[in-house]
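Spelled out from the first residue to the last, the chains are:
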Amino acid sequence: SDGKRLDDVDVTTLEIVARDYLKDSSSAYFDGQKIAGADTKTFSYVFENYSKDNQHVYYKTDALPGINPQKLSINYSNNTISDGKVTFKNGVQVK
């Protein structure tokens, strides 16, 4: 969060997930912004600006529609993520 104060964070349960990603017992954050609806018990970093929980895949703070986090794969050669049916690049659906 580049030194920004996060007033709503529970410092007793705060965990650094990855660069720019934090979580506490009730919320997950990307670059200091809350990721609405993220399940902190299953929240994890995926790749670049992507994260996921048991129900959603997120690009920065936005939930991506229609992609299954349980079947997620990363194509490092073209910087896309996919579940075999839906593909995203830089948070934009390309398939």
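Here's a quick rundown of the structure. Since this is a predicted model, take the numbers as computed values, not measurements.

1. What to know about unusual backbone geometry
Here comes step 1: Although it is not a glycine, Asp31 adopts a positive phi angle of roughly 50°.
Here comes step 2: Along the chain, Asp31 turns up in the loop between strand E3 (28-30) and strand E4 (33-34).
Here comes step 3: Given a relative accessible area of 23%, Asp31 falls into the partly exposed group.
Here comes step 4: Here the phi dihedral of Lys60 falls at roughly 55°; this positive angle occurs in a residue that is not glycine.
Here comes step 5: Its location among the elements puts Lys60 in the loop between strand E7 (57-59) and strand E8 (62-63).
Here comes step 6: Lys60 gets classed as partly exposed once you look at its relative accessible area, which sits at 34%.

2. Notes on the pattern of salt bridges
Here comes step 1: The full count for this structure, using the stated rule, is two salt bridges.
Here comes step 2: In this structure, the salt-bridge partner of Arg5 is Asp7, at a minimum N-O distance of 2.5 Å. The exposure classification of Arg5 matches that of Asp7, with both residues exposed.
Here comes step 3: Residues Asp20 and Arg19 are paired through a salt bridge, measuring 3.1 Å at the closest nitrogen-oxygen approach.
Here comes step 4: For Arg19, a relative accessible area of 70% puts it in the exposed group.

About the thresholds
- Residues numbered from 1 in each chain as written.
- Predicted model: local features only at pLDDT ≥ 70, side-chain atom pairs only at ≥ 80, totals over all residues.
- Heavy atoms only, no water.
- Helix = DSSP H or I, 4+ residues; strand = E, 2+ residues; numbered from the N terminus.
- Buried < 20%, exposed > 50% of the residue type's maximum accessible area, 1.4 Å probe, protein only.
- Salt bridge = Lys/Arg side-chain N within 4 Å of Asp/Glu carboxyl O.

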